[in-house]
Amino acid sequence: MEHIRTTKVEQVKLLDRFSTSNKSLTGTLYLTATHLLFIDAHQKETWILHHHIASVEKLALTTSGCPLVIQCKNFRTVHFIVPRERDCHDIYNSLLQLSKQAKYEDLYAFSYNPKQNDAERLRGWELIDLAEEYKRMGVPNSNWQLSDANREYKICETYPRELYVPRIASKPIIVGSSKFRSKGRFPVLSYYHQSKEAAICRCSQPLSGFSARCLEDEHLLQAISKANPANRYMYVMDTRPRHRVQSWWATQKDIGRIIVRISSKIWNDEKIRESDEKKRLNAMANRAAGKGYENEDNYSNIRFQFVGIENIHVMRSSLQKLLEVNGTKGLSVNDFYSGLESSGWLRHIKAVMDAAIFLAKAIAAESASVLVHCSDGWDRTSQVCSLGSLLLDPYYRTIRGFMVLIEKDWISFGHKFSERCGHLDGDPKEVSPVFTQFLECVWHLTEQFPQAFEFNEAFLLQIHEHIHSCQFGNFIGNCQKEREELKLKEKTYSLWPFLLDDQKKYLNPLYSSQSQKSAVLEPNTVSFNFKFWRNMYHQFDRTLHPRQSVFNIIMNMNEQNKQLEKDIKDLESQIKQRKTKQTDGILSKELLNSVRPESPALKATLSLKEQALLPVNNVLRTIEGSSPADNRYSEYADEFSKAEPAVVSLEYGVARMTC
Amino acid sequence: MSVIKSSSFHTHTHTNLSLFQVLNNFWQFIQRTPCCAEVPAWWVQLHAFSVQGLFGKNSEQLTNSSSGLELEGSVRGRRVESPTDNTEELWLLHSNIDAIDKRFVGPLGTIIIKCKDFRIIQLDIPGMEECLNIASSIEALSTLDSITLMYPFFYRPMFEVIEDGWHSFLPEQEFELYSSTISEWRLSYVNKEFSVCPSYPPAVIVPKAIDDDALRKVATFRHGGRFPVLSYYHKKNGMVIMRSGQPLTGTNGRRCKEDEKLINATLRAGKRGYIIDTRPLNIAQQARAKGGGFEQEAHYPQWRRIHKSIDRYHILQESLIKLVESCNDQTQNMDRWLSKLEASNWLTHIKEILTTACLAAQCLDREGASILIHGTEGTDSTLQVTSLAQIILEPRSRTIRGFEALIEREWLQAGHPFQQRCAQSAYCNSKQKWESPVFLLFLDCVWQILRQFPCSFEFNENFLIMLFEHAYASQFGTFLGNNESERCKLKLQQKTMSLWSWVNRPSELSKFTNPLFEANNLVIWPSVAPQSLQLWEGIFLRWNRSSKYLDEAYEEMVNIIEYNKELQAKVNLLRRQLAELETEDGVQESP
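Please read these numbers as outputs of a predicted model, since none were measured by experiment.

J.: Would you mind going over the interface of chain A and chain B with me for this structure?
T.: Each side of the interface is counted separately: chain A has 78 residues, and chain B has 83 residues. The junction of chain A with chain B conceals about 7700 Å² of combined surface from both sides, 61% of it contributed by carbon and sulfur atoms. Linking chain A with chain B are five salt bridges. A:Lys531 is the salt-bridge partner of B:Glu537, the closest N and O atoms lying 3.1 Å from each other. Summed over the shared surface of chain A and chain B, the result is 20 residue pairs in polar contact (both at pLDDT 80 or more). Listed by contribution, the elements that provide at least two residues to the side of chain A that touches chain B are α11 (333-343), α12 (345-366), α16 (434-448), α23 (550-585), α25 (598-621), α26 (628-631) and α27 (638-658) of chain A. Looking at which element gives the most residues to the side of chain A that touches chain B, the answer is α23(A), with 18 residues. A per-class count over the side of chain A that touches chain B returns 36 nonpolar, 22 polar and 20 charged.

Shown next, in the form of structure tokens:
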């Protein structure tokens, strides 16, 4: 609270984001320890969590007051005008402090109290059990086992304690490999496809500047390949664009060579490699050819695949551009599409999707295991592994399965949520919408396969809301070790049970477990299938959305159907009861009397319900008020808006004169 | 003309019409009846695998000549096997063919048929001569100059006509709907002989205060004789939308007292009106050099003019060509797709038209002012605006019958030159000035509103797609001709079937009904922000993507709605039963 100087400012104006004529709502602004609250004259409340604030900007003073623009991480943008500059300055400073905490302990999750006792809290945390999930996939089995190598986070700090590796990979091999891989993130199992016996594995890039080959790493890759009896080759997928790792790619190729035992020193210093790449490659080829070690059969057991997903910095600026474009006032269609194009956002989404499709195809069609990596193996690798699994396994398309997927491929494998989401006041270059992209890819899948997912768009939006909200402990911290140190399970709550309690809101009414039979989704990534996700990036701009939602209607109707089914059962049993009673009635009057008291009441409620039934239906379908002012048609006709007062005043003038 | 060989011919053409939409891929190719100028055949029939015996001699003969021919559809998707004898058919109306290309690689000839509904079909035909013959036949048949040789004149329906569509939406009936509320307006037959305005219908609604002689004078002052007539009457406040051609002021600022009197007659005392000119000011000014122009403030002091810029003619046609070309390219990367979508300007046109229509509706409903809308001729952008404003304002025009009436009133009778505008579609390179997808843009705008208010329309997307198809190629006479006068001369009412006769049968209507429809009496204000507008996939990506999963989802949705109705009915029934039992009980117990 020490940051809050002013807790309440009156006569604040909230401007319409897209209006060019300063249309506004006037109300009172409150600052609490956790939220910014604006209550307008109609008592409509706008709550903004401090953690959601991405940037606060104080614009130049105008005649009506001091403008304050707040951009949120959930893509809400609010534009206030505070009458007095002093107040504005106070609020500005407070928000700057409140939106960027220095310590984890100051995050909302540590003070949030949903009134649960410790047992409930613990049960909440135990809701998603990853050991259970690996069991579901079918590991451990004869080829894969649980490794205790990282039990104490000694090998890799950013991996979870429990890792699954090929049974034939011994601990020294793992340790050796981990030394060869960036941040110690050696190849481990991410997803096991039981019927194909193929695996998705993940790791980080081999360390550059390493002066020799790494036998242990070679062994580990061999072991992964051998753990799949169904196929003699495996893929190594580098999710980075080829041009960015051109030099690096050569070394990738070399892994293959190493595996076929070309004994040569090929890992050179990065700088040397970059400078005389060609010379070296030639030399290498010569060496290989000259010594005649090349064994075609063995060489073919690793296939390299590049998919061009750009790095976190490119993604960050891409989103920045996208938001600039769609936040423009009076945006024209052409500016919108050229902005969409130049932001590159949809191109990046398509790249992630294409990578996941490649992965899923390798497993489903070729039964080949795939090792996925990028640089550190926690951004693009997480995107591709999780999306690939989602395509392959219908379980991940259920509400609970999706939670498991996020826990597994994102949280446990050390996607740096706190850094990527900017939970703390840290390096802005670490912030990147990697997880948002994953959610957007899933949304695109739900658009192409409207019946394949148990959850709906609101579920994705809600999860997106909470990766930034810091209200729950799940996404706080950057890896499991850090989370344990923060004692999140004791001090904070897990998001998942709350989402499950609210499940009704997140159910897809069209979900059909039948369509799950076609278990592997094969999305079409033709460019025209990718669309701007309006409900995400304009979630709070009500006027841009359809005024009637088919989805909500169907969802409510589905709910209503369930209720009706229940009613029918009740009614049928009552009728049956009555009928039997009627026949027995004369014999056992006492029985009748015992039931009778409830029947008049019941009848009353029933008849009430019958009347209520249709109005309910109507409520479902009413349109959210739409008005021409919201849509600013007249702004496109300057003459129109200017003309009106002139006409009116003239008429009044005439009227007065005649009086 | 002895064109009709036998009535059975028509029987078959009709039975197969339904297959037309179902079938997909890999056709063997058969061309129906040998062709020469005097004996037109109206259909290209595409046959898969084996040929049904259904067609008698003709088809057998053709099977022999074309056996082993393979046709590769551009449509991707799985082959649908028909339940009968492994036969698949595709019937294509010749008038639906927009362009045809031929290519030869060695002895193999390829014909690519490009349809006006944007579908592309590729036929591989061995034998150069045969290929050339087929190609030239198709070419000749798809470009008949005489309207009277077109299929609608020979089509005989196989369904029972319940209601003759030609009489479904008579101007008198439409006026009846209003007559109780509008006393200041009358139905005028000044154009009975089409002599005052060739593109107007015989009956038009005009202010009561203006007599027919004045109308004749006004007609000379307006482009194409299109004097201001009533387009829509807003019952809520008595304000109106009128439409007309541009005033012929010319460079010397000609004026016409009767014209001023006519449009002022529609204003209530002390009220002002708006004139929406669909052209930008500079274009309107240029029009004066050619004798056209716009209403000068000095002569129309009670009216405020607003200029908008809705494009017309070849600009729209080029936009369509670019858009369709881009939609057909499956290989382009994301940047190219987005930049081509932008360069086509299609959605810009949509936005401009919708914005103008919304502005008109806003003037009427919120500002309480009457409006006059015109562009140059008043047959294109003017009609887009007047009809869309009605969709926004009037609940009736969002019902199936109301929408049909709207098309009849605001497009057919208002003289939108369908014959000219829809002569060619996106694949033709003739580039005639009068070819322009004005009506398609209107349908697209309706679709945009439908998407934003999915429960406020009685019809669904398929209804709009169907109208698009029939405007370009149809077995019905409804969209033939450029105006009522031409339709009268062609005797379409006597010689052809109306589209509405077919559509308004319950079996057809069920396909076009929106299961979510709930009558909504409010004015619906759509969003016109670029983020809210979308490419109409049902039209432009129709042949380029599989809609299997979307169709299944739609079916599921319909099932849920049907099930809901069923359950409600059942609950009500059971409650009644229970109530009866209870009263019986009561009767038994009380004594």
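J.: It is not clear to me how the UniProt feature "active site" (unreviewed entry) in chain A should be interpreted in this structure. Could you clarify?
T.: The UniProt record annotates "active site" (unreviewed entry) at A:Cys374. Among residues more than four places away in sequence, those in contact with A:Cys374 are A:Cys203, A:Ser204, A:Gln205, A:Asp238, A:Thr239, A:Arg240, A:Asp379, A:Arg380 and A:Thr381.

J.: Can you help me understand the nonpolar core in this one?
T.: Nonpolar side chains in soluble globular proteins tend to end up buried together. Counting residues in each nonpolar core, the largest one holds 257 residues, and the members touching the most others are A:Phe402, B:Phe118, B:Phe227, B:Phe403 and B:Phe540. Among the elements that make up this core, the one with the highest residue count is α12(A) (14 residues). With sequence-adjacent residues up to four places away left out, B:Phe540 is seen in contact with B:Phe118, B:Leu320, B:Leu323, B:Val324, B:Cys327, B:Trp346, B:Leu440, B:Asp444 and B:Leu535. Counting residues in hydrophobic clusters, the runner-up holds 22 residues, among them A:Val12, A:Leu36, A:Leu68 and A:Leu95.

J.: Which parts of the structure should I look at to understand the sheet that holds strand β13 (residues 302-306) of chain A?
T.: The strands that make up a sheet are held in pairs by hydrogen bonds between backbone atoms, and each pair lies either parallel or antiparallel. Residue and element names in this part refer to chain A. Spatial strand order, β10-β11-β14-β12-β13: five strands in an open sheet with mixed pairing. Looking at which strands have only one partner, the edges of the open sheet turn out to be β10 (188-193) and β13. Taken over all neighbouring pairs, the strand axes of this sheet differ in orientation by 20° on average, direction set aside. Helix α5 (residues 215-226) rests against β11 (198-203), β12 (234-238), β13 and β14 (370-373) of the sheet, and its axis sits at about 125° to β12.

J.: Just to check I follow, could you spell out the layout of surface pockets for this structure?
T.: It is the rolling of a water-molecule-sized probe over the atoms that shows where space remains empty. All names here are of chain A. If you add up the space inside the second largest pocket, you get close to 1100 Å³. Forming the walls of the second largest pocket are 46 residues, and the residues nearest its centre are Ala-54, Ser-55, Gln-71, Gln-320 and Leu-323. Of all elements in the fold, only β5 (53-58), β6 (66-72), β7 (77-82), α10 (312-326), α15 (417-420), α16 and α17 (457-469) reach the threshold of two or more residues within the lining of the second largest pocket. Examining the composition of the lining of the second largest pocket, we find that five residues originate from one element, α10, more than from any other. A breakdown of the residues in the lining of the second largest pocket according to their chemical character gives 17 nonpolar, 16 polar and 13 charged.

J.: How should a nonpolar patch on the surface be read in this particular structure?
T.: A grouping of B:Phe104, B:Met128 and B:Leu132 is seen on the molecular surface, where their side chains present a nonpolar patch of about 240 Å² in accessible area. The residue B:Phe104 is located in strand β5 (residues 97-105) in this model.

J.: Could you clarify how one ought to interpret unusual backbone geometry in this entry?
T.: Note: most peptide bonds trans; most residues except glycine with negative phi. Here A:Val139 and A:Pro140 are connected by a cis peptide whose omega angle stands at -5°. Tracing the backbone shows A:Pro140 in the loop between α3 (130-137) and β8 (144-147). The phi torsion at A:Ser367 lies on the positive side, around 55°, for a residue other than glycine. Looking at the element boundaries, A:Ser367 is found in the loop between α12 and β14. Even without being a glycine, B:Tyr313 presents a positive backbone phi close to 55°. With respect to the element layout, B:Tyr313 can be found in the loop between β13 (303-307) and α9 (314-327). Taking relative accessible area as the criterion, B:Tyr313 reaches 13% and is therefore assigned buried.

J.: Just to check I follow, could you spell out the packing of aromatic side chains for this structure?
T.: Pairs of aromatic rings are described using the distance from one ring centre to the other and the angle between the two planes. If you walk through the whole model with that rule in mind, you get 58 aromatic pairs over all chains. Ring plane angle 40° and centroid distance 4.9 Å describe the contact between B:Trp411 and B:Phe442, whose orientation is recorded as tilted. Remark: B:Phe442 occurs in helix α15 (residues 438-452) and B:Trp411 occurs in helix α13 (residues 400-413); sequence separation between them is 31 residues. Ring-pair connections join several aromatic residues into one group, and the members of that group are A:Phe402, A:Trp410, A:Phe417, A:Phe435, A:Phe438, A:Phe453, A:Phe455, A:Phe459, A:Phe475, A:Trp496 and A:Tyr506. The cationic tip of A:Arg136 hangs over the ring face of A:Tyr396; the distance from NZ or CZ to the ring centre is 5.3 Å. For B:Arg451, the ring lying beneath its charged end belongs to B:Trp447, and the centroid distance is 5.5 Å.

J.: Even after reading the chapter, I still don't get the side chain of B:Ser397, so can you show me in this structure?
T.: Residues and elements named next belong to chain B. Secondary-structure assignment places Ser-397 in the loop between α12 (381-393) and α13. A distance of 2.9 Å separates a polar atom in the side chain of Ser-397 from the backbone oxygen of Gln-390. Those residues within four positions of Ser-397 in sequence are excluded, and the remaining contacts are Gln-390, Ile-391, Gly-402, Phe-403, Leu-406 and Phe-459.

J.: Which parts of the structure should I look at to understand helix α4 (residues 128-142) of chain B?
T.: Each turn of an α-helix holds 3.6 residues, which means side chains three or four residues apart point in the same direction. Residue and element names in this part refer to chain B. The end-to-end C-alpha distance of α4 is 21 Å, a good match for the 21 Å that 15 residues give at a rise of 1.5 Å each. Where α4 is concerned, the buried positions are Cys-131, Ile-134, Ala-135, Ser-137, Ile-138, Leu-141 and Ser-142. Each buried residue of α4 lies within a common arc of 160° when the element is viewed along its axis, so the set occupies one face.

J.: So what exactly am I meant to see when it comes to the UniProt feature "coiled-coil region" (unreviewed entry) in chain B here?
T.: Mapped onto the present numbering, the UniProt feature "coiled-coil region" (unreviewed entry) falls at residues 550-584 of chain B. The span residues 550-584 of chain B is 100% helix and 0% strand, and its two end C-alpha atoms sit 51 Å from each other.

J.: I'm lost on the pattern of salt bridges in this one. Help?
T.: If the charged atoms of two oppositely charged side chains come close together, the side chains can form a pair. Counted by the stated rule, this structure contains 58 salt bridges over all chains. Between B:Lys308 and B:Glu352 there is a salt bridge, with the nearest N and O atoms lying 3.9 Å from each other. Note that B:Lys308 is positioned in the loop between β13 and α9 and B:Glu352 in helix α11 (residues 346-365), a separation of 44 residues in sequence. A relative accessible area of 4% places B:Lys308 in the buried class. In this structure B:Glu352 comes out as partly exposed when scored by relative accessible area, which is 23%. One continuous salt-bridge network, built from bridges that share partners, spans A:Asp379, A:Lys416, A:Glu419, A:Arg420 and A:Glu430.

Parameters at a glance
Residues numbered from 1 in each chain as written. Chains lettered and ligands numbered in written order. Predicted model: local features only at pLDDT ≥ 70, side-chain atom pairs only at ≥ 80, totals over all residues. Heavy atoms only, no water. Contact = heavy atoms within 4.5 Å. Buried area = accessible area lost by both parts, 1.4 Å probe. Salt bridge = Lys/Arg side-chain N within 4 Å of Asp/Glu carboxyl O. Polar contact = N/O pair within 3.5 Å; in protein donor to acceptor, adjacent residues only side chain to side chain. Helix = DSSP H or I, 4+ residues; strand = E, 2+ residues; numbered from the N terminus. Nonpolar A, V, L, I, M, F, W, Y, C, P; charged D, E, K, R; others polar. UniProt positions renumbered as here; feature names shortened; annotations may be inferred. Core = buried A, V, L, I, M, F, W, Y, C linked by side-chain atoms within 4.5 Å. Buried < 20%, exposed > 50% of the residue type's maximum accessible area, 1.4 Å probe, protein only. Pairing = 2+ DSSP bridges. Axes fitted to C-alpha atoms, helices over the stretch in contact; angles between N-to-C directions. 1 Å grid on protein atoms, 1.4 Å probe; cavity = no way out; pocket = protein on both sides within 12 Å on 5 of 7 lines; lining within 4 Å. Points joined across faces, edges and corners; volume = space filled by probe spheres on them. Patch = residues over 30% accessible without salt bridge, like charges linked within 9 Å, V, L, I, M, F, W, Y side chains within 5 Å. Areas by Shrake-Rupley, 256 points an atom, 1.4 Å probe, with all protein chains shown as cover. Phe/Tyr/Trp six-rings, centres within 6.5 Å; stacked < 30°, edge-to-face > 60°. Lys NZ or Arg CZ within 6 Å of the ring centre and 35° of its normal. Expected span 1.5 Å × (residues − 1). Arc of directions from axis to C-beta.

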